[in-house]
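Residue-level structural notes
One-letter residues, chain by chain:
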Amino acid sequence: MAYVRDAWYVAGWSRDLGPAQPFALSILGDPIVLYRSESGRLVALEDRCVHRLAPLSLGRCEGERLRCMYHGLLFDPDGRVAEIPGQDLVPAQARVRSYPVVDRHDWIWVWMGDVAAADEALIPSAVGLSDPDWILGHGQMDYAAEARLICDNLCDFSHLSFVHANSFGASETWARSRPRVVPLDRGVRFERWIVGEPRMSGRGEGNADVWQWYDFMVPGILLMSSAVYPEGTAAACGMNAPAPDRALTGEGVTFTSQAVTPLTDRTARYFYSWGPRRDQGDAALRDMLMGMADQAFTEDRLMIEAQQRVIDATPNPRIMPTSADKGVTLYNGLVHKLARTPGMAIESAA
Amino acid sequence: MAYVRDAWYVAGWSRDLGPAQPFALSILGDPIVLYRSESGRLVALEDRCVHRLAPLSLGRCEGERLRCMYHGLLFDPDGRVAEIPGQDLVPAQARVRSYPVVDRHDWIWVWMGDVAAADEALIPSAVGLSDPDWILGHGQMDYAAEARLICDNLCDFSHLSFVHANSFGASETWARSRPRVVPLDRGVRFERWIVGEPRMSGRGEGNADVWQWYDFMVPGILLMSSAVYPEGTAAACGMNAPAPDRALTGEGVTFTSQAVTPLTDRTARYFYSWGPRRDQGDAALRDMLMGMADQAFTEDRLMIEAQQRVIDATPNPRIMPTSADKGVTLYNGLVHKLARTPGMAIESAA
Amino acid sequence: MAYVRDAWYVAGWSRDLGPAQPFALSILGDPIVLYRSESGRLVALEDRCVHRLAPLSLGRCEGERLRCMYHGLLFDPDGRVAEIPGQDLVPAQARVRSYPVVDRHDWIWVWMGDVAAADEALIPSAVGLSDPDWILGHGQMDYAAEARLICDNLCDFSHLSFVHANSFGASETWARSRPRVVPLDRGVRFERWIVGEPRMSGRGEGNADVWQWYDFMVPGILLMSSAVYPEGTAAACGMNAPAPDRALTGEGVTFTSQAVTPLTDRTARYFYSWGPRRDQGDAALRDMLMGMADQAFTEDRLMIEAQQRVIDATPNPRIMPTSADKGVTLYNGLVHKLARTPGMAIESAA
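Presented here is an overview of the structure given in this document. (Residues numbered from 1 in each chain as written. Chains lettered and ligands numbered in written order. Predicted model: local features only at pLDDT ≥ 70, side-chain atom pairs only at ≥ 80, totals over all residues. Heavy atoms only, no water.)

When helices and strands are counted, chain A shows six helices and 18 strands. Against the compact-globule benchmark of 20 Å for 350 residues, chain A has a radius of gyration of 22 Å, which places it among compact chains. Taking the principal axes of its C-alpha atoms as reference, chain A extends roughly 80 × 50 × 30 Å. The buried share among the 350 residues of chain A stands at 57%. (Helix = DSSP H or I, 4+ residues; strand = E, 2+ residues; numbered from the N terminus. Rg over C-alpha atoms; globule rule 2.2 N^0.38 Å. Buried < 20%, exposed > 50% of the residue type's maximum accessible area, 1.4 Å probe, protein only.)

Attention shifts here to the pairing of strand 10 (residues 101–104) of chain C. Residue and element names in this part refer to chain C. Summarising the sheet, strand 10 and strand 11 (residues 107–111) pair through four bridges and their orientation is antiparallel. Across the sheet, Val101 pairs through a bridge with Val110, a residue of strand 11. Taking the residues between adjacent antiparallel strands as the criterion, strand 10 and strand 11 are bridged by two residues, where His105 takes a positive phi near 55°. (Pairing = 2+ DSSP bridges.)

Moving on: the interface of chain A and chain B. Listed per partner, the contact involves 29 residues of chain A and 24 residues of chain B. Summing both partners gives a buried area of about 2300 Å² for chain A against chain B, and 59% of it is carried by carbon and sulfur. Per-residue buried area on chain A facing chain B is highest for Phe162, Met303 and Met320 of chain A; these three make up 31% of the total on that side. Counting across the interface, chain A meets chain B through four salt bridges. (Contact = heavy atoms within 4.5 Å. Buried area = accessible area lost by both parts, 1.4 Å probe. Salt bridge = Lys/Arg side-chain N within 4 Å of Asp/Glu carboxyl O.)

Moving on, we get to the relation of the copies chain C and chain B. The two copies are related by a screw operation: chain C maps onto chain B through 120° of rotation and 0.1 Å of translation along the axis, at an RMSD of 0.0 Å. Considering both components of the superposition, the chain copies are consistent with a three-fold axis. When C-alpha distances to the rotation axis are compared across chain C, the minimum falls at Asp312 of chain C, with a value of 12 Å. (Least-squares fit on C-alpha atoms with pLDDT ≥ 70 in both.)

With respect to the element layout, Arg52 of chain A can be found in the loop between strand 4 (42–46) and strand 5 (60–62). Note on Arg52 of chain A: relative accessible area 7%, which makes it buried.

Applying the stated criterion across every chain, the model contains 48 aromatic pairs over all chains. Judged by centre distance (5.4 Å) and plane angle (45°), the ring pair of Tyr270 of chain A and Tyr272 of chain A falls under tilted. Tyr272 of chain A matches Tyr270 of chain A in its accessibility class, with the two residues each being buried. With 4.8 Å between their ring centres and 75° between their planes, Phe216 of chain B and Tyr331 of chain B make a pair best called edge-to-face. Placement of Phe216 of chain B in strand 15 (residues 207–217) and of Tyr331 of chain B in helix 6 (residues 326–340) is noted, with a sequence separation of 115 residues between them. Given the relative accessible area of 0%, Phe216 of chain B is considered buried. With a relative accessible area of 3%, Tyr331 of chain B lands in the buried category. Here the aromatic cluster, defined as three or more aromatic residues joined through ring pairs, consists of Trp13, Trp107, Trp109 and Phe271 of chain A. (Phe/Tyr/Trp six-rings, centres within 6.5 Å; stacked < 30°, edge-to-face > 60°.)

Right, let's talk about the state of the cysteines for a bit. Scanning the model with the defined rule gives zero disulfides over all chains in all. Free of any disulfide, Cys68 of chain A has its nearest cysteine sulfur in Cys49 of chain A, 4.0 Å distant. (Disulfide = S-S within 2.5 Å.)

Residue-level contacts link 23 residues of chain C with 29 residues of chain B. Summing the contributions of chain C and of chain B, the shared interface buries around 2300 Å²; its carbon and sulfur component is 58%. Summed over the three residues of chain C that lose the most area to chain B, namely Arg52, Leu53 and Tyr70 of chain C, the buried surface amounts to 34% of that side. Applying the counting rule to chain C against chain B returns four salt bridges. Across the salt bridge formed by Glu83 of chain C and Arg176 of chain B, the nearest N and O atoms sit 2.6 Å from each other.

For the coordinates displayed, the defined rule picks out 74 salt bridges over all chains. In this structure, the salt-bridge partner of Asp78 of chain A is Arg80 of chain A, at a minimum N-O distance of 2.7 Å. Note on Asp78 of chain A: relative accessible area 27%, which makes it partly exposed. On the accessibility criterion, Arg80 of chain A (43% relative accessible area) is partly exposed. Each of Arg60, Glu62, Arg67 and Glu83 of chain A together with Glu172 and Arg176 of chain C takes part in salt bridges that share partners, so that together they form one network.

Residues and elements named next belong to chain C. In space, the seven strands of this open sheet follow the order 12-18-17-16-15-14-13, with antiparallel pairing throughout. Only two strands of the sheet have a single neighbouring strand rather than two, namely strand 12 (137–143) and strand 13 (180–184). Direction aside, the axes of adjacent strands within the sheet are offset by 15° on average. With seven bridges joining them, strand 16 (residues 221–230) and strand 17 (residues 253–264) adopt antiparallel strand pairing. (Axes fitted to C-alpha atoms, helices over the stretch in contact; angles between N-to-C directions.)

Glancing now at the sheet that holds strand 15 (residues 207–217) of chain A. Residues and elements named next belong to chain A. With antiparallel pairing, the seven strands of this open sheet are ordered in space as 12-18-17-16-15-14-13. Of all strands in the sheet, those with a lone pairing partner are strand 12 (137–143) and strand 13 (180–184), marking the two edges. On average, each strand axis in the sheet is inclined to that of its neighbour by 15°, with strand direction left out of account. Relative to strand 18 (residues 267–276), strand 12 runs antiparallel, the two being bridged by seven bridges. Each residue of the ladder has a partner; that of Gln140, found in strand 18, is Phe271.

The structure is reproduced here in structure tokens:
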């Protein structure tokens, strides 16, 4: 499986990275250390000393720099070795890779591809935790599975009727009807009405129409809004997008930003936030949503990790797509294309 | 190592498989899900959805069928996909493998080979837990070792003198004398007298003669009877089989059925029952026997798992058979032959 | 990486091997069982029965011999099978490898190479725990890392300034100055003065000069003495070796013997003792030193195991030596040479 390298990957929550505290993770199998320098600069370096390959994440921040705490080599934010203790000359080749890194929407984004191509305009427009218009909770979990299996899952919501029958209380309509699927430059858009059904998880009485749209963007960013409307709204709109201000208040419009980051070939980290618009909900609604999300995303994880174990035990595993896979196929085709575009991306070694 | 595919493997105790509760295990590395349908039919399917390879064992029984709980594909007992939610057409190739499966002697038996060759007459005649003539206890344990090492162990009881010196209190006679070994069509028969020795584990006073016979049948089924006789019986019988009704009551005749099932290349499950004839023993004797068995079979497991670790750490491991290995060699030759008979069996991929 | 096979490896503390208690370990990946016979003879055999490869370390000592407790084969101290229960003839090829083994300096040393070349004069002159001139504590720890990474660490004390900044309180002088490095026949000698610095870990007031020398000997034996002298001693000696009797009493001269034993390709065992001369220190000083050592060696282990994980995750890992690596390079060159000398050594399979 190919992954797109010319893309911004979420490395963590901005608030979790304190000053002068090196933090280690892998992205696409690359060992990376993140730190905030004395001046507040955000730095992402290859987490592997040039000397004897000790991890720099066990190192010590000194001003703008990071010192390897094995034999004391000192690294500049651009990856160059600034000092080798007891040695006058520092060889020119003494440097580790430095990754473009940006703090935006309360996430830390790392560019894994060609540095010259690092364009901040390619960062998907997630809603940050500190956005004043929303009341958001957040969470994360690690998967013992390939990131692409999680992306597949997020591009086909027919699983809601089965995986999340208990948590979200999703009806079989999610599996039996199909969303509108629209290709984007670096993603896929999904839109759908769920018409005249009981509200999820008992919020409110009687039936309602639910409008849901989301963009699933390379390299695995989901941006989704759901809104509950009075029954009949879908038909009145001709099954097209409704006006946002007609949503039922008290349940209203919610937004979730999610990110799937491949750590290694067989592990991934999943970040998510969710909550209501500030003018249509409150902290209690947010907490109820997050309780559902934690349960539901654990259901996803158990299913996908089990799927991974079967795949790994199967020689030449092959899938058989269904009509529900339109979005999955579209997204994976896009990944395949972007991963192979010469000068644009590098296929993962895995 | 070859395994025989045209054989019935024990997948579990019949009583442990409740209605509408899918149960997962591997046999010979094949992922299998077992379930009992609404009508009570026993079904064994490949545990791997055709769609995206999720395990069907996380699924839901619906009448006679099993539904994958990832995206809802519904499977008939013969492995065919009966429904894909939201899709009218089901492709003809949409099916998983279905295995012949039989409930007999209180075990569930799965046929791993050519379906056309599945002959229930090949199921070895184990004694079931519910057999009214016997008072049986039962147990099972999982091995981190190849099934064939357990089979080797069960075809050479010279290990009793050493591995089970403490549990069964077996004398060195078990290692220093040899049983009569007789080839069968699908197994090997072992018969022997242990003459004039103290009774095992202090049952009764004074010496006795013990008559023991067992059949070890493909693919790893042991059916064994032991009986304690007054000293001198062996000689009086000319070292041949004694009359069953001369056995000492109170210790009498016991029977054990055992099954070794290869889960994967390096794991196995071991099932066993043991106890006295109803007219010659009681529940207390059964419990004493089972206490010994649990201890002794743990001794076997520790030795065999240690043996496996040595084998795995040895490049080109080679054994040096002894004269005690006659039964082992005979059984493994039979396995080798049955595993390679064209149209009869398929060699394990492992 | 090559390891030297024609060398004595430390297998354990002599006092830890009781009579008639087989003890298992791997050295260079070879499974080995050690035991003391009834007459007190120390024996080292291949830990793998010729019959079915069960580990002899699960066996039973009988006089001078060791019996496999799977099927009862009995082994002589030279590795020959002395008995196969129930079989008259023992084949000539029925034998396991026997290793030269010596009890010296309170360590058990095993020769891993050509038996004809086993020369006890090649055992490095460690100071034993029972040596009356020293008051020694001791310890050991297992590494999830290659032995050679630990040897690299012990041949470059520039790491003291960083890895052990907290435990030994070592100044940056350790990293910024270089020891005198002298090649030996089967090792490398390191000598240095640390001039006019506060005493390590607050022993005593004011500054002092510290003289440190150590030999690092094949296959991974460190023999080191440190002594604290009045400030100015180094200059007065022209930076050469001081007279031992001028050392400050109460801190005085300490000695540490250390051994790195490769268990497998990716695991190692590290043995160490440390303490003052009996006429210059006491048990309290020994205990203080051992407290520091336990903390410091744990710091080493955490760094080196992390380094190993990075190496293992790196395709074609390459190091970039610094001027602090002179001793490392010298020692590894010696290992490389001794490992490849025909008739002298065998390269590790790993």
